[in-house]
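Spelled out from the first residue to the last, the chains are:
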Amino acid sequence: MRHPHFDIVIVGSGIAGLSTFLYLSESEAFKAREISICLIAKSTVETTNTAWAQGGIAAVHAMGDDFEKHIGDTMVAGAYLNDIEIVRKVVEAGPALLNDLIRWGTCFDKNATNDYDLAKEGGHSEARIWHAEDQTGHAIQSALMQYLSDSTNAKVQENTLLVDVIKDTNGLFHLHLFDELNNIFFETTTSKLVLATGGTGMLYSKTTNQQIATGDGILIAEKLGATIENLSYVQFHPTGLFHDGNISFLVSEALRGAGAVLRNQQGEAFMRQYDKRLDLAPRDIVSRAIITEMGKNGEAFVLLDATHLSTELIDQHFPAIKAHCKTLLNIDITNEMIPVVPIQHYSCGGVKVDAFGETSVSGLYAIGEVASTGLHGANRLASNSLLEAIAFAKFATEKLLDFPADQQAVPVTFKLKCHGIDRNQIQQLLSQHTGIIKNTKGLKAALSALQNLKSNAIDVAFNPHDHTSGVLLEVGIMLIEDALKQQKNRGVFYNEDLVNDFVL
Ligand SMILES: Cc1cc2nc3c(=O)[nH]c(=O)nc-3n(C[C@H](O)[C@H](O)[C@H](O)COP(=O)(O)OP(=O)(O)OC[C@H]3O[C@@H](n4cnc5c(N)ncnc54)[C@H](O)[C@@H]3O)c2cc1C
């Protein structure tokens, strides 16, 4: 058993965790070795959703664009349920945040005149998406990771699962951790705890997310007493690659930004029936249109047509999408259409935080996809999530460095329980009843089935897979309870038994 203490523990090694670390490491206190930081990741540091982000990161840069337009697009996508003050704060910080990413070594694509080559995506009225081919997340992840190894007053703990947290009466957080390589538990205390644990994609059978996305931070924050909100605002990406295997690959929105068109299997470009912004309408609208179209024609997928785009453009901007379509389906996207279906993608809700990333529990922060900051409202605008993560990492820095006076640890006892729960059953229930179009009967049936799974679960010896299946079960229940509380259909949330706040 190890019992070290750190001033700050960051859980997560995606853009949220790494940029929080980088901003803190630039502080005078860190440079003077006055503070200690530990960064924990349940898998390897590079295994994150961040590394899989394709399209890019949104920020105003080019002529013709301005903050008001980016703010307006974010509000429209979010069905005006966004917090306007937060939207303004994040959007106005955008250019400086992009400079930080560049300063830390991220190389974004440039055009022939040596200016940044910005793309346009769904819901954006201007081209403002900074990208590195169709592997922007990988470029950001690799750049930020380089700094971790250089710091001697920071500890990086990979393959280490945060299992539980207790806050003692003196305000210190006690972390119960499982070292997966050595198969041992250990404990650590910290004054400030940053949850940068990402999303909840593993709740669904088909998701764009990595296996690590099991909603751990949400359950930990909830147990500590933090407010959780809008978990049922789940964004589905309109264009997941349709294939029978287990890998769920995303076909970036940027391909539609470059001119690719959605067609039903009769070849009809159907988006004109649904929204005047056509294929670049916000994701909730495009996803519902696809589901409606598939239902009308009894089809299992629709087609994304990029065959009219030049091979040169595809090779330059979408090499990974082209390669994946070839490997997984033996399709050459320059002359064959791509079969696509909407697929779980992003959690718009999460742990409620203030304008500095702090939750309702003092000293507990949530940054990145795990958080609900008010930026997204009822639907995230494409490429605003990477921006949100780095923005709140920066906003949190000053508050994180403000430490309480001498805190003595009070001993605590962790009660470890692990149950054998069939993860597939959870995923099937959530996929069937909490998808793009829900109904109240289905939600209630899924809730009752999950509660049965919980009451019939048998105790098993601790192992990370069963532990995280238990987390998924609890977070799944919270998500459905949240869905049943919703009064209106807004943004990504659609229950066919409720009143619409929008017109499809
Ligand atoms: C395929 C794909 C494409 C995307 N494209 C874009 C895009 O183009 N633009 C955009 O803005 N957004 C995009 N997104 C969304 C965006 O990538 C994510 O929202 C963002 O990267 C989340 O970053 P994060 O740091 O919050 O979490 P992540 O990057 O997912 O990192 C989570 C970290 O938490 C750790 N962790 C979790 N639980 C525990 C635990 N219990 N103990 C220890 N460690 C734990 C994990 O190990 C991991 O290190 C995309 C997402 C996907 C999946």
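Predicted model only: the values in this text are computed from it and were never measured.

As a further point, take the site of the ligand. Around the ligand there are 41 residues in total, and G12, G14, N49, G198 and G368 lie nearest to it. When residues of the shell around the ligand are traced back to their parent elements, those giving at least two are α1 (15-25), α5 (136-145), β6 (160-167) and α11 (384-400). In terms of residue class, the shell around the ligand is made up of 17 nonpolar, 21 polar and three charged.

Another aspect to go through is the pairing of strand β12 (residues 302-305). With burial as the criterion, each face of β12 is covered, one bearing V302 and L304 and the other bearing L303 and D305. Summarising the sheet, strand β11 (residues 261-263) and β12 pair through three bridges and their orientation is antiparallel. Each residue of the ladder has a partner; that of V261, found in β12, is D305.

Judged by pairing direction, the sheet is antiparallel, and its four strands sit side by side in the order β10-β13-β12-β11 without closing on themselves. Either end of the sheet is taken by a strand with one partner, and the two such strands are β10 (234-241) and β11. The mean angle between the axes of side-by-side strands here comes to 45 degrees, regardless of whether they run parallel or antiparallel.

In this section: the environment of E34. Here E34 shows up in the loop between α2 (28-31) and β2 (37-40). Take E34: there are 13 C-beta atoms within 10 Å of it, and that puts it in the partly exposed class. The sequence separation of E34 and D7 amounts to 27 residues, and the corresponding C-alpha distance is 9.4 Å.

All right, on to the sheet that holds strand β14 (residues 350-352) then. In any sheet, the strands associate via hydrogen bonds between backbone groups, in a parallel or an antiparallel arrangement. The strand order β9-β14-β16 describes an open sheet built from three strands, whose pairing is mixed. The outermost strands of the open sheet, each flanked by one partner alone, are β9 (228-229) and β16 (371-372). Bridging between β14 and β16 involves two bridges; their strand directions are parallel. Among the inter-strand pairings, V351 is bridged to a residue of β16, identified as A371.

Once that is clear, we can look at helix α14 (residues 464-485). With 22 residues, α14 extends 32 Å from end C-alpha to end C-alpha; this agrees with the ideal 32 Å at 1.5 Å per step. By the burial criterion, the buried members of α14 are H467, T468, S469, G470, V471, L472, L473, V475, G476, L479, I480 and A483. Residues of α14 that are buried in the fold lie against β6, α6 (216-224), β17 (419-420), α12 (423-433) and α13 (440-455).

The rules behind each value
Residues numbered from 1 in each chain as written. Predicted model: local features only at pLDDT ≥ 70, side-chain atom pairs only at ≥ 80, totals over all residues. Near = placed C-beta within 6 Å. Helix = DSSP H or I, 4+ residues; strand = E, 2+ residues; numbered from the N terminus. Nonpolar A, V, L, I, M, F, W, Y, C, P; charged D, E, K, R; others polar. Buried ≥ 20, exposed ≤ 12 C-beta atoms within 10 Å, placed from the backbone. Pairing = 2+ DSSP bridges. Axes fitted to C-alpha atoms, helices over the stretch in contact; angles between N-to-C directions. Expected span 1.5 Å × (residues − 1). Contact = placed C-beta atoms within 7 Å.

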